[in-house]
Amino acid sequence: MMNGTLEHINIISLIPLIIAGGAALLLMLLIAVKRLHFVSMMVSLLAFIAAFISLTMITPDTPSESTGLLIIDRYAIFFTGLILISGFVVTVLSYDYMKQHRQNPEEYYILVFLATLGAGVLVASQHFVSLFLGFELLSVSLYIMIAYLRHRDLSIEAGTKYLILAAVSSAFLLFGMALVYTASGTMHLAGLAEHLSNINSMPMLMRAGFAMMFGGISFKLALVPFHMWTPDVYQGGPSPVTGFVATISKGAVFAILFRLYSTLSLYHFDYMMVFFIIIAIASMFTGNILALLQQNVKRVLAYSSIAHLGYLLIAFIAGEELGGEAAGFYLIAYFITILGAFGVISVMSHQDREPEHIDEYRGLFWKHPWLAFIFSAMLFSLAGIPLTAGFLGKFYVAAAGLSANQIALVVILVINSVIGIYYYLRIIVAMFSSAGQYPSFTKNPGSIPDKSLTILSALLILLIWFGVYPRYIIELIHNFVQL
């Protein structure tokens, strides 16, 4: 836990979460008066900006506690800011995407804020009750967002699969919490940490509880063997929503996982670390090998995301200061690349379907050179090519692994990174080849929305900036990602 005196909550520290919840209510009232898609989008963007600005009003050196459930410290501020920026990007990309579909899009923005609120509660949780409430608020919102486009059969199928499997993961999480509470008598992380410090070995009941909890959390992170939902949900969900799931949802869940382990000092229990080492290795190999077999771009990104969470687990396993910094930088790089990749898919989408097959990107450079360049940069970053944030992210993770003497994991990371280059290059080669089987699928140059293209260009600038000159972002992470 950070140094500093915990104070009773002041309203300022909760303003970002209050704005997110209030924005959802305001959008409900606006929709009740009149449905105006543009107004709903603008209100959403202004709310995200206001929530982010309100973070600067919080004094990070003095953590604030809310009724024992939430703690607003530097760690929570950092991840809340990352979530709010990502929510802003998703909202911009969603506007033009949703405008071309038949469904009323206004309620979609309510769900975005409810999911964002759930993610914000999750990263600030210091109690099992708030952890579960944030987990469920995020999950229930995502069920509906994934299946929002009802006229698309794949969206309904993807939403149903996510609903069923996420409900199972929630049951595992809740039952695991119950077992831990039974063994320790507390659900507060500080109290649980004190209990663990006073025992020589963890009781079997508590071990079973933590195993079930981390099983439920691993589902949200799409780690092997809890990854079955990932390719179908990525393929069936609307591209902006898939970007939300891949970044905000996974980022918030990883943040609370890291907080749990650091606060409870679970790194001292070797069998728990062995559990995550096995999952990390399985995720890296499974994600990359299955991605090699795909012809669907969204499924390629789905399986590669499993591998990337495996890479991220190396920083998690390393723990301590360098592991936290490596995880923070890797998440920023991953957020930029995934939002950029799914943003390109979003702006290329038509009313009836999205460009999914690799051949549908063939010759994209000759019709939309800037769009092809942006997509290529995002894929290069995912592959870990130098001059991109993704390269430094993997380098940072490898350094954290070596500092923790996890040499075998670092070697496996390098091997899997080489495997990953192949399936990313397949997409890039297709974009720079001559037009193939689907030359008429891509939109005319003038039909690409300016707002989406602007936000994609901004992501590209950040991608290269953090890859070439990462000093300031590393200093920010060093100052905030400390527990």
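Up top is the structure these notes are about.
A brief structural summary. (Residues numbered from 1 in each chain as written. Predicted model: local features only at pLDDT ≥ 70, side-chain atom pairs only at ≥ 80, totals over all residues. Heavy atoms only, no water.)

**Considerations on unusual backbone geometry**
Next, step 1: With an omega of 5°, the peptide bond between Val-224 and Pro-225 qualifies as cis.
Next, step 2: Looking at the element boundaries, Pro-225 is found in the loop between helix H8 (204-221) and helix H9 (230-236).
Next, step 3: Residues other than glycine seldom take positive phi values, yet Asn-405 does so here, at roughly 60°.
Next, step 4: With respect to the helices, strands and loops of the structure, Asn-405 is situated in the loop between helix H16 (389-403) and helix H17 (407-431). (Helix = DSSP H or I, 4+ residues; strand = E, 2+ residues; numbered from the N terminus.)

**Structural notes on the pattern of salt bridges**
Next, step 1: Counting across every chain of the model gives 11 salt bridges.
Next, step 2: Two residues, Asp-73 and Arg-259, come together in a salt bridge whose shortest N-O distance is 3.1 Å. With Asp-73 in the loop between strand E3 (70-72) and helix H3 (74-99) and Arg-259 in helix H10 (residues 239-264), this pair connects stretches of sequence that are 186 residues apart.
Next, step 3: Judged by its relative accessible area of 1%, Arg-259 is buried.
Next, step 4: Taken together, the shared-partner salt bridges connect Glu-157, Lys-161, Asp-232 and Arg-299 into one network. (Salt bridge = Lys/Arg side-chain N within 4 Å of Asp/Glu carboxyl O. Buried < 20%, exposed > 50% of the residue type's maximum accessible area, 1.4 Å probe, protein only.)

**Some remarks on the side chain of Ser-169**
Next, step 1: Summarising the element assignment, Ser-169 is placed in helix H6 (residues 153-184).
Next, step 2: Residue contacts for Ser-169: discarding those within four places in its chain leaves Phe-135, Gly-216 and Phe-219. (Contact = heavy atoms within 4.5 Å.)

**Re the environment of Phe-132**
Next, step 1: Turning to its location among the elements, Phe-132 is positioned in helix H5 (residues 128-146).
Next, step 2: Along the sequence, Phe-132 and Ser-305 sit 173 residues apart, while their C-alpha atoms lie 24 Å from each other.
Next, step 3: Once you skip the residues sitting within four places of it in the chain, Phe-132 turns out to touch Ser-170, Leu-173, Leu-174 and Met-177.

**Brief notes about the environment of Ala-458**
Next, step 1: Here Ala-458 shows up in helix H18 (residues 450-468).
Next, step 2: Each C-alpha atom, one on Ala-458 and one on Phe-365, is 19 Å from the other, the two residues being 93 residues apart in sequence.

**Digging into empty space enclosed by the protein**
Taking a probe equal in size to a water molecule and rolling it over the atoms shows the remaining empty space.
Next, step 1: Taken as a whole, this structure holds 4 cavities of 30 Å³ or more when the rule is applied.
Next, step 2: The space that makes up the largest cavity amounts to roughly 70 Å³.
Next, step 3: Residue assignment for the lining of the largest cavity shows that the elements contributing at least two residues are helix H1 (15-33) and H3.
Next, step 4: Tallying contributions element by element places H3 first for the lining of the largest cavity, with 3 residues.
Next, step 5: By residue class, the composition of the lining of the largest cavity is 8 nonpolar, 3 polar and no charged. (1 Å grid on protein atoms, 1.4 Å probe; cavity = no way out; pocket = protein on both sides within 12 Å on 5 of 7 lines; lining within 4 Å. Points joined across faces, edges and corners; volume = space filled by probe spheres on them. Nonpolar A, V, L, I, M, F, W, Y, C, P; charged D, E, K, R; others polar.)

**Quick look at a nonpolar patch on the surface**
Next, step 1: The grouping of Leu-387, Ile-461, Ile-464, Trp-465, Val-468, Tyr-469 and Tyr-472 at the surface amounts to a nonpolar patch, some 740 Å² of accessible area in total.
Next, step 2: If you tally residues by element for the nonpolar patch, the top one is H18, at 4 residues.
Next, step 3: Mapped onto the elements of the fold, Leu-387 is located in the loop between helix H15 (369-383) and H16.
Next, step 4: Exposure remark for Leu-387: the relative accessible area of 58% places this residue in the exposed category. (Patch = residues over 30% accessible without salt bridge, like charges linked within 9 Å, V, L, I, M, F, W, Y side chains within 5 Å. Areas by Shrake-Rupley, 256 points an atom, 1.4 Å probe, with all protein chains shown as cover.)

**Remarks on the packing of H8 against H10**
When two helices pack together, you describe them by how their axes are tilted relative to each other and by the distance separating the axes.
Next, step 1: The N-to-C vectors of H8 and H10 enclose an angle of 155°; their axes lie 9 Å apart at closest approach. Considered as vectors, H8 and H10 are oriented roughly antiparallel to each other. In this structure, H8 crosses over H10, and the sense of that crossing is left-handed. Contacts between H8 and H10 involve Phe-210, Met-213, Phe-214, Ile-217, Lys-220 and Leu-221 on the former and, on the latter, Ser-249, Lys-250, Val-253, Phe-254, Leu-257, Leu-260, Tyr-261 and Leu-264.
Next, step 2: A per-class count over the contact of H8 with H10 returns 11 nonpolar, 1 polar and 2 charged. (Axes fitted to C-alpha atoms, helices over the stretch in contact; angles between N-to-C directions. Parallel < 35°, antiparallel > 145°, perpendicular 65-115°, else oblique. Left-handed = near helix turned anticlockwise from the far one by under 90°.)

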